[in-house]
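Chain residues, written in single-letter form:
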Amino acid sequence: MNKRAFKYRFYPTPEQETLLAQTFGCIRFVYNHILRWRTDEYYNNGCSINYNAASKQLTELKKNPEYQWLKDVSSVPVQQALRHQQTAFKNFWEGRAKYPTFKKRHAKQSATFAASAFKYKEGQLFIAKSKEPLNIRWSRELSSEPSSITISKDRAGRYFVSMLCEFEAKPMPISNKTVGIDLGLNDLFVTSDGQKSGNPRHTKRYEQKLAYLQRKLVKKQKSSNNRAKAKLKVARLHAKIADCRMDATHKASRKLINENQVVCVESLNVKGMIKNPKLAKHIADANWGEFVRQLQYKAEWAERIVVQIDRFFPSSRRCSSCGFIHESLPLSIREWKCPKCNTLHDRDINAAINIKTAGLAGLACGATGTGVAA
């Protein structure tokens, strides 16, 4: 059995909104307090604090009369915050992430509830300290009863609940189609069949409106109600752009997995490429990293295969007909003619064909992608 998160939007009552605000505040306070304590202990005394020591510190913190308000909310999400902090430190020590940072009041807020802090009964979800069920907009059925839930509030003021459930992945019928895709900016991806996805450029579509709202925001007096209102408008527009981008990514990745048994894609260093000041905004808007991630997990569920080829493979410079490799091929050249076999190539389609050839060759030699092992 696999585990899958089902995310829904919900609309809290005024009492639930107050309870969640208190819960988010307690989580943020405890997380920042323990993080400061762990950091000071390391730099002042050379002590590395583990989870058990951090949990004991939380117990002492609750005994302090000054912090009795920590008992007004469920203890489970507060304790879960320490577990998340421990995971953040583990990722830092193993080189997968930067040093944990402090939680901010106006950033995205979240609280994780284990099974003891919520109740799912007859299609209704109750959380600890609240007698009324959450008013959830159910867009699809759950595959099982949730084992844990995470409630979040984004900067636009929207509330979401993500439920972790067990589900049985159903393999899709075997397809005889394979495809290679070349990621780009003019088109988000181009297939080896010659299909071009286009680029909706969601950020550019709302660029003028976003700039207008940001100009109004900077003119508002700091800490004023009008500034808070203007900030919310900017956040809502950013949320709309992000939702449009994510929706397009899900639809594109689902279509590729549904239609093809094997999908070959290049492995890009998106973190390195996004450092380019001229292309950073466009690369971020293209959503390459999330696109490949979705291809991988959807392929695993459907028992399809995603093969990633080496990022240094000369897919654009190599002739897909005879194998001739150009020494250099600037990005401004979108079409080129092979000097050896005189074949005229579209740069992106040629790259997609080469990616497919390299991916299938690697698969035949025993390399495995995401999904079913070769």
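Residues numbered from 1 in each chain as written. Predicted model: local features only at pLDDT ≥ 70, side-chain atom pairs only at ≥ 80, totals over all residues. Heavy atoms only, no water.

## Quick notes on the overall build of the chain
Here is step 1 of the chain: Each helix and strand in the chain was counted, giving 10 helices and 13 strands.
Here is step 2 of the chain: Based on the C-alpha atoms only, the size of the chain along its principal axes is roughly 80 × 55 × 50 Å.
Here is step 3 of the chain: Counting over 374 residues, the chain shows a buried share of 40%.
Here is step 4 of the chain: Of the contacts formed within the chain by residues at least 6 apart in sequence, a portion of 68% connects residues at least 24 apart.
Here is step 5 of the chain: For the chain, the accessible surface area stands at approximately 21,900 Å², while carbon and sulfur atoms represent 50% of it.
Here is step 6 of the chain: Mean positive and mean negative side-chain charge positions of the chain (65 and 32 charges, respectively) differ by 7 Å. (Helix = DSSP H or I, 4+ residues; strand = E, 2+ residues; numbered from the N terminus. Buried < 20%, exposed > 50% of the residue type's maximum accessible area, 1.4 Å probe, protein only. Contact = heavy atoms within 4.5 Å. Areas by Shrake-Rupley, 256 points an atom, 1.4 Å probe, with all protein chains shown as cover. Lys, Arg positive; Asp, Glu negative; His and termini not counted. Charge placed at Lys NZ, Arg CZ, Asp CG, Glu CD.)

## Re the nonpolar core
Here is step 1 of the chain: With 36 residues, the main nonpolar core has Ile149, Ile151, Val161 and Met163 as its most contacted residues.
Here is step 2 of the chain: Elements that contribute at least two residues to this core include exactly β1 (2-10), α1 (14-45), α2 (51-63), α3 (75-93), β2 (109-113), β4 (124-127), β5 (148-153) and β6 (159-167).
Here is step 3 of the chain: For this core, the element with the highest residue contribution is α1, accounting for seven residues.
Here is step 4 of the chain: Sequence-distant contacts of Val161, that is, excluding residues within four places in its chain, are made with Phe6, Lys7, Tyr8, Phe10, Leu125, Ile136, Ile149, Thr150 and Ile151.
Here is step 5 of the chain: Residues Val265, Ile283, Ala299 and Ala302 belong to the second largest nonpolar core, which totals 19 residues. (Core = buried A, V, L, I, M, F, W, Y, C linked by side-chain atoms within 4.5 Å.)

## As for the sheet that holds β2
Here is step 1 of the chain: Taken in spatial order, the four strands of this open sheet run β1-β6-β5-β2, and their pairing is antiparallel. Single-partner strands in this sheet number two, and they are β1 and β2. Strand-to-strand twist across the sheet, computed as the mean angle between neighbouring axes with direction ignored, equals 20 degrees.
Here is step 2 of the chain: Inspection of the sheet shows β1 paired to β6 by nine bridges, in the antiparallel sense. Within the sheet, the bridge partner assigned to Arg4 lies in β6 and is Cys165. (Pairing = 2+ DSSP bridges. Axes fitted to C-alpha atoms, helices over the stretch in contact; angles between N-to-C directions.)

## A look at unusual backbone geometry
Here is step 1 of the chain: Notably, Arg201 is not glycine yet its phi reads approximately 50 degrees, a positive angle.
Here is step 2 of the chain: By secondary structure assignment, the location of Arg201 is in the loop between β8 (189-191) and α4 (202-205).
Here is step 3 of the chain: Look at Arg201 and you get partly exposed, because its relative accessible area is 26%.

## Comments concerning the side chain of Gln294
Here is step 1 of the chain: On the secondary structure map, Gln294 appears in helix α9 (residues 288-302).
Here is step 2 of the chain: When its relative accessible area of 0% is taken as the criterion, Gln294 is described as buried.
Here is step 3 of the chain: Of note is the side chain of Gln294, whose polar atom sits 3.0 Å from the side chain of Ser253.
Here is step 4 of the chain: In this view, Gln294 contacts Met246, Thr249, His250 and Ser253; residues no more than four positions away in its chain are not counted. (Polar contact = N/O pair within 3.5 Å; in protein donor to acceptor, adjacent residues only side chain to side chain.)

## Section: the UniProt feature "domain: Cas12f1-like TNB" (unreviewed entry) in the chain
Here is step 1 of the chain: Within the UniProt annotation, "domain: Cas12f1-like TNB" (unreviewed entry) is assigned to residues 288-355.
Here is step 2 of the chain: The distance from the first to the last C-alpha atom of residues 288-355 is 16 Å, and the span holds 35% helix and 16% strand. (UniProt positions renumbered as here; feature names shortened; annotations may be inferred.)

## Observations regarding the layout of surface pockets
Here is step 1 of the chain: What the largest pocket holds in volume is close to 1,100 Å³.
Here is step 2 of the chain: In this structure, the largest pocket is lined by 29 residues; those nearest its centre are Lys7, Arg140, Asp243, Met246 and His250.
Here is step 3 of the chain: Mapped by element, the contributors of at least two residues to the lining of the largest pocket are β1, β6, α6 (225-259) and α9.
Here is step 4 of the chain: Per-element accounting of the lining of the largest pocket gives the leading share, eight residues, to α6.
Here is step 5 of the chain: Its residues assigned to classes, the lining of the largest pocket comprises 10 nonpolar, four polar and 15 charged. (1 Å grid on protein atoms, 1.4 Å probe; cavity = no way out; pocket = protein on both sides within 12 Å on 5 of 7 lines; lining within 4 Å. Points joined across faces, edges and corners; volume = space filled by probe spheres on them. Nonpolar A, V, L, I, M, F, W, Y, C, P; charged D, E, K, R; others polar.)

## Describing the packing of α6 against α9
Here is step 1 of the chain: Closest axis-to-axis distance for the α6/α9 pair is 9 Å, and the angle between their directions is 40 degrees. One element, α6, and the other, α9, form an angle in the oblique class. Seen from above, α6 lies across α9 with right-handed handedness. Residue-level contacts link Met246, Thr249, His250, Ala252, Ser253, Arg254, Leu256 and Ile257 of α6 to Glu290, Phe291, Gln294, Leu295, Tyr297, Lys298, Ala299 and Ala302 of α9.
Here is step 2 of the chain: Considered class by class, the residues forming the contact of α6 with α9 number nine nonpolar, four polar and three charged. (Parallel < 35°, antiparallel > 145°, perpendicular 65-115°, else oblique. Left-handed = near helix turned anticlockwise from the far one by under 90°.)

## Looking at the packing of aromatic side chains
Here is step 1 of the chain: Summed over all chains, the structure comprises 13 aromatic pairs.
Here is step 2 of the chain: Between the aromatic rings of Phe167 and Trp301, the centroid separation amounts to 5.0 Å while the plane-to-plane angle is 80 degrees, which identifies the pairing as edge-to-face. One end of the pair, Phe167, is in strand β6; the other, Trp301, is in helix α9, and 134 residues separate them in sequence. Take Phe167 and Trp301: they sit in the same class, and that class is buried.
Here is step 3 of the chain: Seen from their ring centres, Phe189 and Phe291 are 5.4 Å apart, and the 15 degrees between their planes marks the pair as stacked. One end of the pair, Phe189, is in strand β8; the other, Phe291, is in helix α9, with 102 residues separating them in the sequence. The same class applies to Phe189 as to Phe291, namely buried. (Phe/Tyr/Trp six-rings, centres within 6.5 Å; stacked < 30°, edge-to-face > 60°.)

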